[in-house]
Amino acid sequence: MEDDTGERSSFVIGLIENRAKEVGVAAFDLRSASLHLSQYIETSSSYQNTKTLLQFYEPLAIIVPPNKLAADGMVGVSQLADGFCSSTRKVIMNRGCFDDTRGAVLVKGLAAKEPSALGLDSYYKQYYLCLAAAAATIKWIEAEKGVVVINHSLLVTFNGSFDHMNIDATSVQNLEIIEPMHSSLLGTNNKKRSLFHMLKTTRTIGGTRLLRANLLQPLKDIETINTRLDCLDELMSNEQLFFGLSQALRKFPKETDRVLCHFCFKPKRVTNEVLASDNGRRNQIMISSIILLKTALDALPLLSQVLKEAKSCLLGNVYKSICENEKYTSIRNRIGEVIDEDVLHTRVPFVARTQQCFALKAGVDGLLDMARRSFCDTSEAIHDLANKYREDFRLPNLKIPFNNRKGFYFSIPQKDIQGKLPSKFIQVMKHGNNVHCSSLELASLNARNKSAAKECWLRTVLCLDALMDAIREDVSVLTVLSEVLCLLDMMVNSFAHTISTKPVDRYTRPNFTCDGPLAIDSGRHPVLESINNDFIPNGIFLSEASNMAIVMGPNMSGKSTYLQQVCLTVILAQVGCYIPARFATLRVVDRIFTRMGTMDSLESNSSTFMTEMKETALIMQNVSPRSLIVMDELGRATSSSDGFAIAWSCCEQLLALKAYSIFATHMENLSELATMYPNVKILHFDVDVRNNRMDFKFLLKDGLRHVPHYGLMLAGVAGLPSSVVETAKRITSRIKEKEMKRMEVNYRQYQDIQLTYQVAQRLMCLKFSDQDEHSLRDALQDLKESYLSGRHKDN
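A quick note: this is a predicted structure, and the numbers were derived from the prediction, not measured. (Residues numbered from 1 in each chain as written. Predicted model: local features only at pLDDT ≥ 70, side-chain atom pairs only at ≥ 80, totals over all residues. Heavy atoms only, no water.)

**Concerning the overall build of the protein**
- Of regular secondary structure, the protein possesses 30 helices and 24 strands.
- Relative to its 795 residues, the protein shows a buried fraction of 52%.
- Long-range pairs, those at least 24 residues apart, make up 73% of the contacts in the protein with a sequence separation of at least 6.
- Carbon and sulfur atoms make up 52% of the accessible area of the protein, which amounts to about 37,500 Å² in all. (Helix = DSSP H or I, 4+ residues; strand = E, 2+ residues; numbered from the N terminus. Buried < 20%, exposed > 50% of the residue type's maximum accessible area, 1.4 Å probe, protein only. Contact = heavy atoms within 4.5 Å. Areas by Shrake-Rupley, 256 points an atom, 1.4 Å probe, with all protein chains shown as cover.)

**A look at the nonpolar core**
- Core analysis: the largest hydrophobic core is formed by 173 residues, its most contacted members being Leu35, Leu37, Leu518 and Ile540.
- Excluding residues that lie within four positions of it along the chain, Leu35 makes contacts with Ala26, Ala27, Phe28, Val107, Ala134, Ile138, Leu154, Leu155, Val156 and Thr157.
- One finds Phe593, Met631, Ala659 and Phe663 within the second-largest nonpolar core, a separate group that totals 24 residues. (Core = buried A, V, L, I, M, F, W, Y, C linked by side-chain atoms within 4.5 Å.)

**What to know about the packing of aromatic side chains**
- Inspection of every chain in the model, using the stated rule, returns 12 aromatic pairs.
- Pairing Phe242 with Phe243 gives two aromatic rings, centres 5.1 Å apart and planes at 45°, and the pair type is tilted.
- One aromatic cluster is present, built from ring pairs that chain together Tyr389, Phe393, Phe410 and Phe425.
- The ring of Tyr409 has Lys406 lying over it, and the distance from NZ or CZ to the ring centre is 4.0 Å.
- The aromatic ring of Tyr660 is capped on one face by Arg587, whose charged end is 3.8 Å from the ring centroid. (Phe/Tyr/Trp six-rings, centres within 6.5 Å; stacked < 30°, edge-to-face > 60°. Lys NZ or Arg CZ within 6 Å of the ring centre and 35° of its normal.)

**So, the sheet that holds strand β13 (residues 425-431)**
- Taken together, three strands build an open sheet; the order of strands is β12-β14-β13 and the sheet is antiparallel. Among the strands making up the open sheet, the edge pair consists of β12 (410-413) and β13. Ignoring strand direction, the axes of neighbouring strands in this sheet form an average angle of 30°.
- Pairing analysis gives four bridges linking β12 to strand β14 (residues 434-439), with the strands arranged antiparallel. If you follow Phe410 over to β14, its bridge partner there is Cys437.
- This element, helix α19 (residues 366-392), spans β12, β13 and β14 of the sheet and lies at about 30° to β12. (Pairing = 2+ DSSP bridges. Axes fitted to C-alpha atoms, helices over the stretch in contact; angles between N-to-C directions.)

**Side note on the pattern of salt bridges**
- Enumeration over the complete set of coordinates arrives at 22 salt bridges.
- The salt bridge involving Lys415 is made with Asp416; its shortest N-O contact spans 3.5 Å.
- The network of salt bridges with common partners includes Asp230, Asp233 and Arg509. (Salt bridge = Lys/Arg side-chain N within 4 Å of Asp/Glu carboxyl O.)

**Let's talk about the confidence of the model for the protein**
- Of all residues in the protein, 86% have pLDDT values of 70 or greater, and the mean over the chain is 83.
- Ignoring residues within four places in sequence, the model shows residues 184-188, a span with pLDDT below 50, making two contacts including any to other chains.
- Per-residue pLDDT stays below 50 along residues 270-278; that stretch engages in two contacts with residues further than four places along the chain or on separate chains. (pLDDT = per-residue confidence, 0-100.)

**Notes on the pairing of strand β22 (residues 660-665)**
- Of all six residues making up β22, six are buried, and the element is well covered by its neighbours.
- The side-chain alternation of β22 yields two buried faces, one formed by Tyr660, Ile662 and Ala664 and the other by Ser661, Phe663 and Thr665.

**A closer look at a negative patch on the surface**
- Judged by side-chain charge, Asp772, Asp778, Asp782 and Glu785 come together as a negatively charged surface patch.
- Take Asp782: it is sitting in helix α30 (residues 773-794).
- On the basis of relative accessible area, Asp782 is assigned to the partly exposed category, the value being 46%. (Patch = residues over 30% accessible without salt bridge, like charges linked within 9 Å, V, L, I, M, F, W, Y side chains within 5 Å. Lys, Arg positive; Asp, Glu negative; His and termini not counted. Charge placed at Lys NZ, Arg CZ, Asp CG, Glu CD.)

**Here we look at the sheet that holds strand β8 (residues 166-167)**
- Read from one edge to the other, the open sheet built from seven strands follows the order β8-β20-β21-β22-β18-β23-β24, with strand pairing classed as mixed. Taken across any chain shown, the strands that pair with only one partner, and hence form the sheet edges, are β8 and β24 (693-702).
- Strand contacts of helix α25 (residues 640-655): β18 (548-552), β21 (627-632), β22 and β23 (680-690), with the helix running at about 165° to β22, the strand carrying the most contacts.

**Structural notes on the packing of helix α12 (residues 239-250) against helix α21 (residues 475-500)**
- Close contact between α12 and α21 brings their axes to 10 Å; oriented N to C, the two are set at 130°. Between α12 and α21, the angle is such that the two are oblique. Viewed along their axes, α12 and α21 form a crossing whose handedness is left-handed. Side by side, α12 and α21 meet where Phe242, Leu245, Ser246 and Leu249 of the first sit next to Leu485, Leu488, Asp489, Val492, Asn493, Ala496, His497 and Ser500 of the second.
- Each residue belonging to the contact of α12 with α21 can be placed in one class, and the counts come to seven nonpolar, four polar and one charged. (Parallel < 35°, antiparallel > 145°, perpendicular 65-115°, else oblique. Left-handed = near helix turned anticlockwise from the far one by under 90°. Nonpolar A, V, L, I, M, F, W, Y, C, P; charged D, E, K, R; others polar.)

**Notes on the packing of helix α11 (residues 222-237) against helix α16 (residues 313-323)**
- Two elements in contact, α11 and α16, have axes whose closest approach is 7 Å; the angle formed by their N-to-C orientations is 95°. The orientation of α11 relative to α16 falls into the category roughly perpendicular. Contacts between α11 and α16 pair Thr227, Arg228, Cys231 and Glu234 from the former with Cys313, Leu314 and Leu315 from the latter.

**Notes on the environment of Ile178**
- Position of Ile178 among the secondary structure elements: in the loop between α7 (169-174) and α8 (183-186).
- With sequence-adjacent residues up to four places away left out, Ile178 is seen in contact with Val172, Ser194, Phe196, His197, Arg212 and Leu216.

**Digging into helix α20 (residues 440-472)**
- An ideal rise of 1.5 Å per residue puts 48 Å on 33 residues; α20 measures up with 45 Å between its terminal C-alpha atoms.
- Approximately 40° is the largest bend angle found in α20, and it occurs at Leu464. (Expected span 1.5 Å × (residues − 1). Bend = angle between axes of the 7 residues up to and from the residue.)

**Some details on the pairing of strand β3 (residues 34-41)**
- In terms of burial, β3 is largely enclosed, as seven of its eight residues are buried.
- Looking at chain direction, strand β2 (residues 22-29) and β3 are connected through eight bridges and run antiparallel. Of the residues in β3, the one forming a bridge with Val23 is Tyr40.
- Between β2 and the antiparallel strand that follows it, β3, lie four residues; Ala33 among them carries a positive phi value of about 50°.
- Bridging between β3 and strand β7 (residues 155-158) involves four bridges; their strand directions are parallel. Following the sheet pairing, Leu35 is matched in β7 by Val156.

Structural data, given as structure tokens:
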């Protein structure tokens, strides 16, 4: 396998569907040797669920069957790959390669865990589509990469997308989870404005990828979330454990998780002629992988020492599964029998090459010892040549750097060169304040040095084959080690580090209930508060009895920021992290839907309004009782009457469900919903108006507050002529007068229903309270009295 040091995705995805709108997905991660299988019914004709998964994985290649087999009205996965992932490599394989029986056999044999633990024995018939996709994906990877996947080496997960919160691709963009909106306009320095980049303090590539995966697909299982939060509780209360873990994790090389997967793949036995082109590259990777594995195993005793006294379940399980497992000691001893104890992992090119040449102990192979002697002689001769040139040509600052492409070369400061360089120096090239060059003598020594190094690698690889096979016998424990290190990196270096850098008590642990309210007290925007120290906190309370909040206020008063803040807080809580709030009790959310932004989509030839309607249609078709829906300015992209009608009808549709919804709007007429539907709550952002100027407080308050002509005030500030503004004020005053009369009639008509429902709301709140019996009796008595006085006042 190639050693890709970048952070880009390394997934290969297989896709297949049937005529019943079912889609099977097999996502194979080449970097961490894991296979993620999902099968679901596609509810959207535009394949929204599949698009969300594709955005989540960002595949290197997509494998699809040749012919279209989509239900009526569906575009088919092959066309989806062309349109949605146009820059991704598309591979078409014969339908016979998508063999679910073959896929089941492969997954059973390759999975690191027992098939019964995966649920494969019980559900393989149900998951036939994703198993078919797995068969094609594994077949292509083995053929393309020239490897064989080792038995019991893959980390396999089933139905992962349904064990996690679903956030569609549009919402990921709207909420700025991974990238900030308009990042191309604001420049690369703006990346810190996304949630991912704020939390990206992980030290390993695997930890960074796990963090990204968690933010795109947060957890839904309360037990798992609380296990992570318990771990954070211990890390925050035990400084010695927190700093000890931070130091221990630094001992593991950054590439540990990726390199461990090299032991999950075994190169196919083919002729030397076929491998001649990249044999050296493969050998280098194999040697460096063993050195890196040795370095990682050497770091385990320190990790074990730090974790020994840990109390939380998560850290305790890590200690039992990793630190008490004797197989790691066994692998370390096998490596110690062959690999020199002084060899360490390094990124410096020449040091790395030297260590690879001297990785094996002396005396293991006679021909290897001879090649090493030649390598040392030529390396010494090169440095002697550099000393000779320093004296002969009076170049005291001449250096002899090395890189993998050029080998050794001379670097001479420009200021040391008087006139022209002597003719002995060739390939002269200016590089900043230095001149890079070579000579015929150096070129000859370079060639001999490179040849000796190559001979060392070849002899080393021959000696390491047996060691590699012995390590592969216990490859499943290396998969577990990789998974654990990524999780610890995310928990310690991202979550705990982020919390510890904030002032005390700024982040708190969220509480979770099965059917309780969404209650956040003094919540803050996790990203913006790090930019603005004076961020004004705001809360939210939604329950089954009051499941919709309509937020009003002038432009720039903070509505969009507030909507984003609530969603990001829920996401942070469900990945198992503390949240920026004074207190929070949350009901687990299974899907987040957002409708924000007002821009034309030129790619799909959609106007602002059409884009708005497509996003709204996605919400209405896929909303569930446990969804969180956030909509900003629905209906403003068309005529005022049509926009108001659409917004009103969408609200009525959502009010009939148990889902929690937050609407931000300028349409004050929508506040009439609260007179007809008691489960609607009206909120507004506070604004002071003085001398035709608005002072934004960014503070959310209950009820409706009418700020007269705020749009016209902003128009005046923008420079609209005063005569135009005054005429507009007279027109809007007449319209408003008629609306207020009609609203007053509605209020009187629905007053009785409102009173009754307010009682129901209070009772729902008391149901989830932890007050004692005496306090509950007093609260019920107060509720009874307020209800009777309200009825009396109304009559």
